[in-house]
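Secondary and tertiary structure notes
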Amino acid sequence: MFNKRTEVAKVLNDGQPGEEMIVMGWVRTFRNNQFIALNDGSTNINLQVVAPLGKFEDALLRRLNTGTAIRATGKVVASPGKGQRVELVADQIDILGDSDAEKYPLQPKKHSLEFLREIAHLRFRTNTFASVFRVRSIVAYAIHKFFVDKGFVYLHAPIITASDAEGAGETFHVTNFDLANVPKDEHGKVDFKEDFFGRSANLTVSGQLEAELAATALGNVYTFGPTFRAENSNTARHLAEFWMIEPEMAFYDLEDNMDLAEAFIKYIIRYALTHCPDDMAFLANRLAEEEKQKPQQERSEMGLVEKLQFVIDNNFERITYTEAIDILKNSNHNKKKKFQYPVNEWGIDLQSEHERYLVEKHFKKPVILYNYPKEIKAFYMRQNEDGRTVAAMDILAPGIGEIVGGSQREERLDQLQSRMKEMGISEEELFWYLDIRRFGTVPHAGFGLGFERMVQFITGMTNIRDVIPFPRYPKNVEF
Ligand code: ATP
Ligand code: MN
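Presented here is an overview of the structure given in this document. (Residues numbered from 1 in each chain as written. Chains lettered and ligands numbered in written order. Predicted model: local features only at pLDDT ≥ 70, side-chain atom pairs only at ≥ 80, totals over all residues. Heavy atoms only, no water.)

It is worth spelling out the overall build of the protein at this point. Counting its secondary structure elements, the protein contains 14 helices and 16 strands. C-alpha atoms of the protein, sized along the principal axes, occupy 85 × 60 × 45 Å. Expressed as a percentage of its 479 residues, the buried residues of the protein come to 49%. Of the roughly 23,700 Å² that the protein leaves accessible, carbon and sulfur atoms contribute 50%. Taken together, the 59 basic and 69 acidic charged side chains of the protein have centroids lying 6 Å from each other. (Helix = DSSP H or I, 4+ residues; strand = E, 2+ residues; numbered from the N terminus. Buried < 20%, exposed > 50% of the residue type's maximum accessible area, 1.4 Å probe, protein only. Areas by Shrake-Rupley, 256 points an atom, 1.4 Å probe, with all protein chains shown as cover. Lys, Arg positive; Asp, Glu negative; His and termini not counted. Charge placed at Lys NZ, Arg CZ, Asp CG, Glu CD.)

Right, let's get into the sheet that holds strand β4 (residues 69-78). As a general point, the strands of a sheet are linked pairwise by backbone hydrogen bonds and lie either parallel or antiparallel. Strand order in the closed barrel formed by five strands is β1-β2-β3-β5-β4, and the pairing between neighbours is mixed. Pairs of neighbouring strands in the sheet enclose a mean axial angle of 55 degrees, with direction left out of account. Alignment of strand β2 (residues 35-39) against strand β3 (residues 47-50), held across four bridges, turns out to be antiparallel. Along β3, the bridge assignment pairs I36 with V49. (Pairing = 2+ DSSP bridges. Axes fitted to C-alpha atoms, helices over the stretch in contact; angles between N-to-C directions.)

Turning our attention to empty space enclosed by the protein. Inspection of every chain in the model, using the stated rule, returns one cavity of 30 Å³ or more. Taken as a whole, the largest cavity holds about 50 Å³ of empty space. Among the elements that make up the lining of the largest cavity, the one with the highest residue count is strand β14 (residues 389-397) (three residues). (1 Å grid on protein atoms, 1.4 Å probe; cavity = no way out; pocket = protein on both sides within 12 Å on 5 of 7 lines; lining within 4 Å. Points joined across faces, edges and corners; volume = space filled by probe spheres on them.)

What follows concerns the side chain of N334. Structurally, N334 is set in helix α10 (residues 332-335). Beyond its immediate sequence surroundings of up to four residues, N334 is in contact with L328, K329, F339, P342 and V343. (Contact = heavy atoms within 4.5 Å.)

Further remarks concern unusual backbone geometry. The residue K337 is not glycine, and still its phi comes out positive at about 55 degrees. Inspection of the secondary structure puts K337 in the loop between α10 and α11 (352-362). With relative accessibility at 72%, the residue K337 sits in the exposed group. Positive phi is not limited to glycine here, since N371 has a value of about 55 degrees. Summarising the element assignment, N371 is placed in strand β13 (residues 367-373).

Attention shifts here to the site of ligand 1. Contacts to ligand 1 come from 15 residues, most closely from E231, H238, E402, I403 and R453. A distance of 2.6 Å is found between a nitrogen atom of ligand 1 and a side-chain nitrogen or oxygen belonging to E231. Between an oxygen atom of ligand 1 and a side-chain N or O atom of R453, the distance comes to 2.8 Å. About the coverage of ligand 1: the protein hides 82% of its 590 Å² of free accessible area. Going through the elements one at a time, β11 (241-250), β15 (401-408) and β16 (444-450) are the ones with two or more residues in the shell around ligand 1. Class assignment for the residues of the shell around ligand 1 results in six nonpolar, four polar and five charged. (Near = heavy atom within 4 Å. Polar contact = N/O pair within 3.5 Å; in protein donor to acceptor, adjacent residues only side chain to side chain. Nonpolar A, V, L, I, M, F, W, Y, C, P; charged D, E, K, R; others polar.)

No statement about biological role is implied by the geometric values presented.
Below, the structure written as structure tokens:
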């Protein structure tokens, strides 16, 4: 058996002076021909492995470059140096894999996030990305735990579908046509009858509609899977492939929905803070350093951990779309024409600058906006009695903007059909969605949380491309 190693995190936490141990990992630095900083990915804190002077041959020591993989066997001792409780004095060092210092792209210095994005296959080896992906993993676990503990059923929505949930049309086609020779019908249109599925198919943009089918039988369900949008937005908060969590609850109204979403967000933040203290401290520090590059007035008032604690400790502000428009319209910012899109009238779709003004400048905390004009929202949202708004809610987070989009769904068959007609959505194609309203319809609601935006919020990473292992965005599908 090869794997008799003790993980570095365990050595650092539980290792007792005198214990014999085997560790394996990668050399981060080797200084004074004596001190190896060893990392094995179990924590962002390196283990100091001491190679006593004169004990090892020069030929071996010369190979201890940044990136070299080694196995070290030795004794735990109390560390005489500052910064660590224990270290390991090596009796034996074996090189498992050499790393040519001249050629290795990662040097023991600070690299820019942009540079690291270009070598995403190696960026797991940096402290920043190792911390981000450990936190991402813990957050994913916390999400499952939150719902499973509440008795929700985890639903696997299909990835290939024939429906476009939002009607947005920003979908990726799924086909096995020979693209140089696509079958056409007599009108010269693509003949999807000849295609793999016998009709036009695409990658899912959302699992919501399918989740509604399950929720109206199983009660409470959630999806957690990849979704795809061919939107050409080169922003720091959009990806072409991203993960979404979509809970859907029978017997829920909009207020129940907001309560669940707020409790959910607080739960996963708290979970990350309590289960990843070292990584969170590291990321907070990283963000503080990054902030120092900014002009004084653009720096945030709170550190990362402080900011997250503040979100946990305070109620989210809940205001209607109409109230938000009043605040924005009457703001000095608007009067001084500082918005790129001025706020003049009720009915406009809020731009991210407006959302950020509300959360960052006006309320200085997460905001739930609800009851939006029906014209700017999807067909399935429940129509309110005023005849002009729907029971939609978006949650806006400081620094990110929209993090959750949700609604109470239209459960009344007549209203749903008339809205679909107004919006030109085919009843025939969505017969299955309408059937839910035909047989035992009930009030129900749900929301979608963008997983990467949540991970961005928790880790303080400014670009969404830095919180998913291999980001997909326009003109990029590397690795
Ligand atoms: P936005 O206005 O920011 O584009 P949206 O209104 O298109 O968002 P929804 O369709 O409501 O978003 O999707 C639900 C959630 O999925 C959003 O609140 C957001 O957190 C996330 N999301 C949406 N589009 C993307 C994307 N391209 N990349 C990453 N996350 C996304
Ligand atoms: Mn969008």
